[in-house]
Amino acid sequence: MIKKLLVANRGEIAVRIMRTCEEMGITTVAVYSDVDRSSMHVRYADEVYCIGPSPSSESYLVIDKIIDAAKKSGADAIHPGYGFLSENAEFSERCQKEGILFIGPDPYAISTMGDKITARNTMIKAGVPVVPGTTQAVTDENDAIEIVNKIGVPVMIKATAGGGGKGMRLVKKMDDLLPLLRTAQSEAKAAFGNDAVYIEKYIASPHHIEFQILADKMGNTVHLFERECSVQRRHQKVVEETPSCLLSEEVRMKMGETAVAAAKAVNYHGAGTIEFIVDDDQNFYFLEMNTRLQVEHPITERVVGLDLVKEQINIANGLPLSFKQEDLKQTGHSIQCRIYAEDPDKNFMPCPGIIRHVREPHGFGIRIDGYVYEGFEIPLYYDPLIAKLIVWGQTREDAISRMKRALYEYKITGIKTSISFLERIMDAPEFISGKYNTHFIENNKDFLFEKPAEDELHRDIVAMITFVDYKSQLDKTYISDEKSGISEWKAYGRSSGVSRL
Ligand code: MV4
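No experiment lies behind these values; they were computed from the predicted model shown.

Quick notes on the rules
Residues numbered from 1 in each chain as written. Predicted model: local features only at pLDDT ≥ 70, side-chain atom pairs only at ≥ 80, totals over all residues. Heavy atoms only, no water. Domains from an automatic or database assignment. Contact = heavy atoms within 4.5 Å. Buried area = accessible area lost by both parts, 1.4 Å probe. Salt bridge = Lys/Arg side-chain N within 4 Å of Asp/Glu carboxyl O. Near = heavy atom within 4 Å. Polar contact = N/O pair within 3.5 Å; in protein donor to acceptor, adjacent residues only side chain to side chain. Areas by Shrake-Rupley, 256 points an atom, 1.4 Å probe, with all protein chains shown as cover. Helix = DSSP H or I, 4+ residues; strand = E, 2+ residues; numbered from the N terminus. Nonpolar A, V, L, I, M, F, W, Y, C, P; charged D, E, K, R; others polar. Buried < 20%, exposed > 50% of the residue type's maximum accessible area, 1.4 Å probe, protein only. Pairing = 2+ DSSP bridges. Axes fitted to C-alpha atoms, helices over the stretch in contact; angles between N-to-C directions. Left-handed = near helix turned anticlockwise from the far one by under 90°. Phe/Tyr/Trp six-rings, centres within 6.5 Å; stacked < 30°, edge-to-face > 60°. Core = buried A, V, L, I, M, F, W, Y, C linked by side-chain atoms within 4.5 Å. Disulfide = S-S within 2.5 Å. Parallel < 35°, antiparallel > 145°, perpendicular 65-115°, else oblique.

A. How the structure looks around the domain arrangement of the protein chain. As far as domains go, the protein chain holds domain 1 (4-103), domain 2 (132-201), domain 3 (207-448) and domain 4 (456-500). Taken residue by residue, the interface counts 34 residues in domain 1 and 32 residues in domain 3. Interface area, domain 1 with domain 3, both sides summed: about 2,400 Å², of which 61% is carbon and sulfur. Here domain 1 is connected to domain 3 by four salt bridges. Of the charged contacts, one joins E87 and R292 as a salt bridge, the two residues approaching to 3.0 Å between their closest N and O atoms.

B. Layout of the site of the ligand. As a matter of local geometry, the ligand sits amid 18 residues, with K158, E200, K201, I203 and T438 nearest to it. In this structure, K158 approaches the ligand through a side-chain N or O atom, which is 2.9 Å from a nitrogen atom. In this structure, a nitrogen atom belonging to the ligand sits 2.9 Å away from a main-chain N or O atom of I203. Alone, the ligand offers 530 Å² of accessible surface; in the complex the protein occludes 89% of this. Secondary structure elements with two or more residues in the shell around the ligand: β6 (155-159), β8 (197-201) and β13 (284-290). The residue makeup of the shell around the ligand, split by class, is eight nonpolar, six polar and four charged. Shared between two domains, the shell around the ligand holds at least three residues of each, these being domain 2 (132-201) and domain 3 (207-448).

C. The arrangement of the pairing of β6 in detail. Judged by how many residues are buried, β6 sits mostly within the fold: five of five residues are covered. A two-sided burial pattern is seen for β6, the buried positions comprising V155, I157 and A159 on one face and M156 and K158 on the other. Where β6 and strand β7 (residues 169-171) come together, three bridges link them in antiparallel fashion. Directly across from I157, in β7, lies its bridge partner R169.

D. Examining the packing of helix α1 (residues 11-23) against helix α11 (residues 308-316) more closely. It is the contact of α1 with α11, at a shortest axis distance of 9 Å, that shows an interaxial angle of 65°. As α1 packs across α11, the resulting crossing turns out to be right-handed. Between α1 and α11, the residues in contact are R16, I17, T20 and C21 and L308, V309, K310 and I313, respectively. Among the residues forming the contact of α1 with α11, the class breakdown is five nonpolar, one polar and two charged.

E. Spotlight on the packing of aromatic side chains. Tallying each qualifying case throughout the model produces 15 aromatic pairs. With centroids separated by 5.1 Å and ring planes inclined at 25°, the aromatic side chains of Y60 and F84 adopt a geometry described as stacked. With Y60 in the loop between β3 (47-50) and α3 (63-73) and F84 in the loop between β4 (77-79) and α4 (89-98), this residue pair connects regions lying 24 residues apart in the sequence. In this structure Y60 comes out as buried when scored by relative accessible area, which is 0%. Since its relative accessible area comes to 26%, F84 is described here as partly exposed.

F. Examining the nonpolar core more closely. Residues V239, L389, I425, M426 and F431 are the most contacted members of the largest nonpolar core, which totals 42 residues. Taken together, the elements giving at least two residues each to this core come down to β11 (236-242), β14 (333-340), β19 (366-370), β21 (385-393), α12 (396-409), α13 (419-427) and α15 (440-443). Contact partners of L389, with chain neighbours within four places excluded, come to I335, Q336, C337, I339, P361, I366, R367, I368, M403, A406, L407 and Y410. With 33 residues, the next largest nonpolar core counts A14, M18, V304 and L328 among its residues.

G. Representation of the state of the cysteines within the structure. On inspection of all chains with the given rule, the structure shows zero disulfides. No disulfide involves C95; its sulfur sits 15 Å from the nearest other cysteine sulfur, which is in C21. A relative accessible area of 0% places C95 in the buried class. The structure places no disulfide on C337, whose sulfur is separated from the nearest cysteine sulfur, that of C229, by 13 Å. Given the relative accessible area of 0%, C337 is considered buried.

H. Focus on the packing of helix α7 (residues 141-151) against helix α8 (residues 177-192). Axis separation between α7 and α8 bottoms out at 10 Å; the angle between their running directions is 120°. By the criterion of interaxial angle, the relationship of α7 to α8 is oblique. Of the two possible hands of crossing, α7 and α8 adopt the one that is right-handed. Contact with α7, carried on its side by E141, A144, I145 and V148, involves L177, L178, L181 and R182 of α8 and no other residues of that element.

I. Quick look at the environment of I412. With respect to the element layout, I412 can be found in strand β22 (residues 411-413). Given the relative accessible area of 8%, I412 is considered buried. Measuring from C-alpha to C-alpha, the distance between I412 and I355 comes to 7.1 Å, with 57 residues separating the pair along the chain. Apart from the residues lying within four places of it in its own chain, the contact partners of I412 are I339, I355, H357, V358, I386, T417 and I419.

J. Focus on the environment of A399. In this fold, A399 is placed in helix α12. Overall, A399 belongs to the buried group, its relative accessible area being 0%. Beyond its immediate sequence surroundings of up to four residues, A399 is in contact with H333, I335, V391, W392 and G393.

K. Main features of the sheet that holds strand β2 (residues 27-32). Spatially, five strands are ordered β3-β2-β1-β4-β5 in an open sheet, and the strand pairing comes out parallel. Sheet topology places β3 and β5 (101-102) at the edges, where each strand pairs with a single neighbour. Relative to β4, strand β1 (residues 4-7) is paired through three bridges, and the arrangement is parallel. Within the sheet, the bridge partner assigned to V7 lies in β4 and is H79.

Below, the structure is given as structure tokens:
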């Protein structure tokens, strides 16, 4: 059984994983780069190891350094989190060789699903629907023309070593095919060291819906239902929710069974996610499989009632799943907003810096997975995600209302954040209707980026000053008026006449 676990990651996911380890009585080991010395995961862990310079390529991505820290600490398992080495088959293999349990699938599943052409062919063999397209790399330009004449434009050119939108090119008309093919091939070569590309029919206005999978080492495989991930900006998910408003019960079941078949096709064990694109008629097609825990896993945890990191560790320990598919159901509705240290008014430019004040929302149905604290300096070396705000409601309307309240309460000063942008999304009629797809942000940019009216701006400033001024007051003394029962905490709420931000 795992007694000591090294988390080969940083930021919110490292803290999140360590919290479950703490509950399971597992000793935690943190690795950190120079700039992460005072990061929360380092403070939280039982043991810490510096793995060198701040750039990921010199620290979190260096397999030898992670393995070295695991050996020095005597860790019997490594959790990779997401990103970094989480989908690196070589790393999974190295852990096996060193006798260290990798909290994730074996190298075969990672490499099969990591190569998108191999993944497509494996899915076709398993009877999983894929987008019409090629089953091998397109190298000859005449072949490309013949294929696209057969499929019909528009088509999508994709890099087999790509994923998550990297190395994709949309071809709207025949004349653009060859120039875009060459561009896609050279970009893939530069980005992935592999110029192999394939072609798919373009599914216009798709939904991006993914299914969570859990599979133990005895072949028991279940799905934990879907996550609607269509609110994306440049292939970066912004808001995720479950259940999806699009799916009927019948299609949900069919997609769940399909996701299970996809996982079984690669003898998957662990937590994984099958990504589909879905058209408005609920026709669904396999996109890719993520062989790791996803950033948005908490909304599934809340609606299904499972701790996915705990399940991952139990699976790595060789335990069977303690439930069957028929035991699982969705309760209520959960939404996640990703909070980034980015400036929405400056094209989401990353805004590292020192956190001056943090006031987090609390109350029924609210969870925050984050890692920042007052005085912490957000480094510029890594993804600018600083926290995930997850809410739950009995209905989608309750969840949206709770998210709006939580975003309103969530105050972070000293840096720019995407909170105001997220509030606009929650106010957007198309989002509220639930009838949105992956073009949502583009289709609603006038509403989402509308400049607040002068008086609204004035109110925002008043609210911020009130909050910051109030906070500095509070640091000195807590003022409350017992008789009227009104505490100073209302100071930045409605009662002081400050309206919603
Ligand atoms: C597609 C597609 C439409 N047709 N493939 C692939 C990577 C994934 N993150 C997004 N991908 C897509 N693949 C075909 N044949 C639509 C998407 C897609 C998308 C594409 C461009 C811009 C934003 C997008 C958001 C979600 C899905």
